[in-house]
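These are the residues of each chain, in order.
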Amino acid sequence: AYSVYSLDNDRIAGGYLESRSYNEFYVRNEIYKQNGFVYPGRLTSYLDFSHDDGFLFEIPSLDYYSSSYNYNVSMFFRNLGMNSIFHFSEDSGITPVSASLLNVDGAVSYNDSNEYYTLFDLFEPVSSGEDYILYKNPYPGSLGYTYDIDTFSSSVSGDVFNNLNNLYHDFTGEDVFIKCRREDKEADPVDDIKYAWEITLNPESGKHLFMYISPQDYFDNEMQGCNDYLYFEGALVAFYTDAPDRYIVDLGYSDGSTLNFLFETDNIDNEIYFYSFDDQLFLNSVGRLQESGLFNIEYSEKGINATVRAEENCNLAIFLPYENGYTIKVDGISTNYDSYAGCVLSVPIEKGIHEIQISYFTPGLKTGMILSAFGILCFTLSLFAAENKRRKSVTKGDRTGVSESRVKWNI
């Protein structure tokens, strides 16, 4: 229904994809493959794939216009501080933590500006062209990880950094985002906005700083728009003029000096968060993430085969969207599955090394095929019945006509 409605309102995926755009991206995709970015690896590219769907080019990017309209996936991305609302998601706001957890192989920048900042600080440049630079992520994760307790689901909030900490902690036991000490003081807005605060930060030296504004105005107040602006020493460093268009903003490294910001908003309930990122702790702990992940992963038309090593009885979160239709076998035995984070698959695992098999069959497809075949059979039989009836009618009519003509002739 939404798709039909959109036809008259130009809202499907932002319009048609131009052939020039398609061809350019196809050529780049071949370059990505030469540098090791191959399906089913994930690539973050700062593109709006509502226009250039990565799946069209065998790049299952974090940017996508969801073919399945899986709302839980969109919510999961938004809770990680990425720009995501309803059926639309993109990779704006991705951090080293979310990049590794989601097994992003690398990133591509299409201009000289550093769109990802700390991502590119940690990623390694591997190739460049006239209008792009390709980076490799030396800390990719896996398709799934072992965990004990799903603390992420029980503590999701508008504080996306706390969400990221809980997600990362579930798989590594570490918290890598640190809430900044701050002082807030009411101030006069410099723009035509209702509320303003002067915010003073005292961040730790050498740490990367991030900011996020929780858009409560959009999600709690009947989807009403709101303006939010953040100034640093008089210069505008972040602004949101459309409430759902919210994502983590990288503010760069701190040298330990006091920082003064001016935050303006139309909604007093919109909370602004400042966090620093402990990149050294991340580098020291990301190995545990990789050790807890699936390995020896093989993809085929039949599904996915992989191996996992569990240090104790636990659960395995598999980063495929949770829905009915999967068959998951552990050492050849079908196992019931649940969800992790309300979004991805989760299965119980006993201590030891196990072989995992994952396959998927669309729910209702078999029933639909049977009903369709039955419908075609009934339709075919009805045609035969109608034709048979018509022939009998014609034959009867012919016989009646001959008999009557003979009677008249004899007379």
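Our subject is the structure that appears above.
As the structure is a prediction and not an experimental result, all values here were calculated from the model.

Draft legend 1. Region of interest: the overall build of the protein. A tally of regular secondary structure across the protein gives 10 helices and 25 strands. Looking at the protein as a whole, 44% of its 411 residues qualify as buried. Counting contacts in the protein only where the partners sit at least 6 residues apart, residues at least 24 apart contribute 69% of the total. Of the accessible surface of the protein, which amounts to about 22,000 Å², a share of 51% is contributed by carbon and sulfur atoms.

Draft legend 2. The arrangement of the sheet that holds strand β17 (residues 271-277) in detail. Here four strands make up an open sheet; going across it, the order is β9-β17-β12-β15 and the pairing antiparallel. Either end of the sheet is taken by a strand with one partner, and the two such strands are β9 (177-179) and β15 (249-253). Looking at each pair of strands side by side, their axes are set apart by 30 degrees on average, direction ignored. Relative to β15, strand β12 (residues 208-214) is paired through four bridges, and the arrangement is antiparallel. Bridge assignment links His 208 to a residue of β15, and that residue is Tyr 253.

Draft legend 3. A look at the pairing of strand β8 (residues 144-147). Across the two faces of β8 the burial is the same, with Gly 144 and Thr 146 and Tyr 145 and Tyr 147 all buried. As paired strands, β8 and strand β20 (residues 314-321) are joined by four bridges and run antiparallel to one another. Directly across from Tyr 147, in β20, lies its bridge partner Asn 315.

Draft legend 4. Structural view of a negative patch on the surface. A cluster of like negative charges, contributed by Asp 148, Glu 291, Glu 311 and Glu 312, occupies part of the molecular surface. As for its position among the elements, Asp 148 is in the loop between β8 and α6 (151-154).

Draft legend 5. Representation of the pairing of strand β11 (residues 195-201) within the structure. Relative to β11, strand β10 (residues 182-186) runs antiparallel, the two sharing five bridges. Bridging across to β11, Asp 184 finds its partner in Ile 199. Where β11 lies against strand β16 (residues 259-265), seven bridges are found, and the strand directions are antiparallel. Its bridge partner lying in β16, Glu 198 is registered against Leu 262.

Draft legend 6. View of the nonpolar core. Among the nonpolar cores identified, the biggest contains 43 residues, and Phe 76, Val 97, Phe 161, Phe 171, Phe 177 and Tyr 340 are the most heavily contacted of them. Of the residues forming this core, the biggest block, six residues, is contributed by helix α7 (residues 160-172). Leu 143, Leu 294, Ala 310 and Val 330 belong to the second largest nonpolar core, which has 19 residues in total.

Draft legend 7. Region of the structure containing the environment of Ile 193. When you line up the elements, Ile 193 lands in the loop between β10 and β11. For the pair Ile 193 and Glu 264, spaced 71 residues apart in the sequence, the C-alpha separation amounts to 6.6 Å.

Draft legend 8. Structural detail: the side chain of Asn 166. The topology assignment puts Asn 166 in helix α7. Residue Asn 166 is classed as buried on the basis of its relative accessible area, which comes to 15%. Those residues in contact with Asn 166 that lie beyond four places of it in its chain are Thr 151, Phe 152 and Ser 155.

Draft legend 9. Spatial organisation of the sheet that holds strand β23 (residues 338-340). With antiparallel pairing, four strands are arranged side by side in an open sheet as β8-β20-β24-β23. Edge positions in the open sheet fall to β8 and β23, since each of these has one partner strand only. Strand-to-strand twist in this sheet, taken as the mean axis angle between neighbours without regard to direction, amounts to 40 degrees. Lying on the sheet, α7 is in contact with β8, β20 and β23; it crosses β8 at an angle near 75 degrees.

Draft legend 10. Layout of the pattern of salt bridges. Applying the stated criterion to the full structure yields six salt bridges. The shortest N-O distance in the salt bridge between Glu 174 and Arg 288 comes to 2.8 Å. In this pair, Glu 174 is assigned in the loop between α7 and β9 and Arg 288 in helix α9 (residues 279-291), connecting sequence segments 114 residues apart. For Glu 174, a relative accessible area of 23% gives the class partly exposed. With a closest N to O distance of 3.2 Å, Lys 207 and Glu 204 form a salt bridge. What makes Glu 204 partly exposed here is its relative accessible area of 45%. By sharing partners, the salt bridges in this structure join Arg 182, Asp 184 and Glu 271 into a single network.

Definitions and cut-offs
- Residues numbered from 1 in each chain as written.
- Predicted model: local features only at pLDDT ≥ 70, side-chain atom pairs only at ≥ 80, totals over all residues.
- Heavy atoms only, no water.
- Helix = DSSP H or I, 4+ residues; strand = E, 2+ residues; numbered from the N terminus.
- Buried < 20%, exposed > 50% of the residue type's maximum accessible area, 1.4 Å probe, protein only.
- Contact = heavy atoms within 4.5 Å.
- Areas by Shrake-Rupley, 256 points an atom, 1.4 Å probe, with all protein chains shown as cover.
- Pairing = 2+ DSSP bridges.
- Axes fitted to C-alpha atoms, helices over the stretch in contact; angles between N-to-C directions.
- Patch = residues over 30% accessible without salt bridge, like charges linked within 9 Å, V, L, I, M, F, W, Y side chains within 5 Å.
- Salt bridge = Lys/Arg side-chain N within 4 Å of Asp/Glu carboxyl O.
- Lys, Arg positive; Asp, Glu negative; His and termini not counted.
- Charge placed at Lys NZ, Arg CZ, Asp CG, Glu CD.
- Core = buried A, V, L, I, M, F, W, Y, C linked by side-chain atoms within 4.5 Å.

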